[in-house]
Amino acid sequence: MGERFPQRKAPMTKTISKYVCQSCAYESPRWIGKCPNCGTWNSFVEEVSSKSAARKLPHSTKLKGVPLEEIELRDDHRTTTNITEFDRVLGGGIVDGSVILIGGDPGVGKSTLMMQIASHLNGKIILYVSGEESARQIKVRAERLKFPNIKSFLVLAETNLDLIIDVIERTPPDILIVDSIQTMFRPQLESSAGSVGQVRECTGLFTRIAKEKSIPVFLIGHVTKDGVIAGPKVIEHVVDTVLQFEGERHYAYRILRVLKNRFGSTNEIGVFEMRENGLEEVKNPSEVFLSERSLGAAGSTVVASIEGTRPILIEVQALVTPTNYGIPQRNTTGLDYRRLSLLLAVLEKRVGMQLGQQDVFVNIAGGITIDEPAVDLGIASSIISSMRDIPVDTQTVAVGEIGLGGEVRTVSNVEKRVQEAAKLGFQRIVIPKNNFKEFARFKDIEIIGVERIDEAIKILIS
Ligand code: TYD
Ligand code: MG
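Residues numbered from 1 in each chain as written. Chains lettered and ligands numbered in written order. Predicted model: local features only at pLDDT ≥ 70, side-chain atom pairs only at ≥ 80, totals over all residues. Heavy atoms only, no water.

A. Here's a closer look at the overall build of the protein. Check the secondary structure of the protein and you find 12 helices and 23 strands. Structurally, the protein occupies a C-alpha span of about 80 × 55 × 55 Å along its principal axes. Considering the protein as a whole, with its 462 residues, one finds that 51% of them fall into the buried category. Across the protein, the fraction of contacts at a sequence separation of at least 24, relative to all contacts at a separation of at least 6, is 67%. (Helix = DSSP H or I, 4+ residues; strand = E, 2+ residues; numbered from the N terminus. Buried < 20%, exposed > 50% of the residue type's maximum accessible area, 1.4 Å probe, protein only. Contact = heavy atoms within 4.5 Å.)

B. Main features of the nonpolar core. Core analysis: the biggest nonpolar cluster contains 44 residues, and V362, I379 and I383 have the highest contact counts within it. If you list the elements that add at least two residues to this core, you get β12 (253-261), β13 (269-275), β16 (310-322), α8 (337-350), β18 (358-364), α9 (376-388), β23 (446-450) and α12 (453-460). Two domains share this core, each providing at least three of its residues, namely domain 2 (76-283) and domain 3 (287-460). Excluding anything up to four places from it in sequence, V362 contacts V316, Q317, A318, N331, T332, T333, L335, L340, I379 and I383. (Core = buried A, V, L, I, M, F, W, Y, C linked by side-chain atoms within 4.5 Å. Domains from an automatic or database assignment.)

C. Region of interest: the environment of I165. Tracing the sequence through the fold places I165 in helix α5 (residues 161-170). Residue I165 is classed as buried on the basis of its relative accessible area of 17%. Remark: the alpha-carbon pair of I165 and F206, spanning 41 residues in sequence, is separated by 8.7 Å. Ignoring sequence-local partners within four residues, the contact set of I165 consists of L205 and I209.

D. How the structure looks around the domain arrangement of the protein. Entries for the protein in the domain assignment read domain 1 (15-51), domain 2 (76-283) and domain 3 (287-460). Using C-alpha coordinates to define each centre, domain 1 is positioned 30 Å away from domain 2. Every contact between the two is made by 8 residues of domain 1 and, on the other side, 9 residues of domain 2. Summed over both sides, the interface of domain 1 with domain 2 buries roughly 680 Å², with 53% coming from carbon and sulfur. (Buried area = accessible area lost by both parts, 1.4 Å probe.)

E. Summary view of the sheet that holds strand β1 (residues 16-21). Taken in spatial order, the 3 strands make up an open sheet running β2-β1-β3, and their pairing is antiparallel. Edge positions in the sheet fall to β2 (27-28) and β3 (44-49), since each of these pairs with one other strand and no more. The pairing of β1 with β2 spans 2 bridges and is classified as antiparallel. The partner of V20 across the bridge, within β2, is E27. (Pairing = 2+ DSSP bridges.)

Right, here's the structure in full:
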């Protein structure tokens, strides 16, 4: 970070910007398409620089290294929001001085989420810096959310970072929310808001504010596909925590996922539902995800997946139909496409399925994404069920990773999965044989250990 703020104490007038090649660090006063030094295209990003200040080395500062034994350990102070789904995702609340990036597609509900979190932080002074919406629009959303009329929620509709910092210096808030980082700009840089240079520079400054003043800073970032606006990716390494808010446009469910967390685990998720009056926590996702299950239809299996520390039961649907045009289609929603290809190859080779002339569609119901191998068995059973047009037993849950040899492999956290299945009233659960040993007695549900995929299929589809 250091070299990016060489002008820290220098007067603003001396500050100019420069363009730096991200590949070889070649500097140019102007933007150029191709680096004359290393030949890379489109690698120049604008940065703030001050020629005079950058060259000088400070003579004597009091700075020195600290021996490890003199460094004091104290727990990070955390603020809890009482939105359990959110606190859990952060690893137990908001850490003071941390910078949290919330990325997500436009319209997924990032602003709504942040306002609802703010509304739970009663007594804290919150500065909501908005470059997306006017103060009036924010008020309209607040009305919709039945936002309690707290005096400590301050709205600042501004995008010039120098002016924003002035406000923060004069009246430091307890929590800062920036909506969105891509609308912020520093006048010292000539590139426009949303460019890689601006987004980085602004994030750097917000990070400094967070650390110096020990206030948590939330940065909202749009995930963009067109590349005109720099995506949150360019700043992920700078911030402490990266959250991703995801959801399919046509579903009300929203998942808050942790991609990076210096202060907690990275595999937690929080589940929310977008309602007419804001986001509602989903405390028991399994019930919700299974509520629309079509009982008795072929091609549907209930699987027990672990998301973070929590088991979630979810329906895996498959549709297998004869191919119309030469090349068979394979399509997935909420699941890695390569995983499906691999499973199809195993089914052909080890179970003797003829899938060469069949289109295969696999879908994780509810609009959520799962990337856990333990759902393999469920995917396989849905495919076979659809192909044979025989339903999977509706009272049985399937758990297991499938190996290339057709073996059903051990999975983690079986106990949690079994408990969740029992809790939701399922009668049986099929698990890997090697996991079975862990369950000598478990009365609420019948547990069946299987070694091979064909063995499992006989139990699931009969
Ligand atoms: P918003 O928070 O503005 O999304 P983002 O900041 O990620 O762009 O919310 C977008 C959508 O959420 C919008 O289409 C309307 C819907 N919505 C509700 O369904 N209920 C609500 O209470 C609110 C505030 C928004
Ligand atoms: Mg928004």
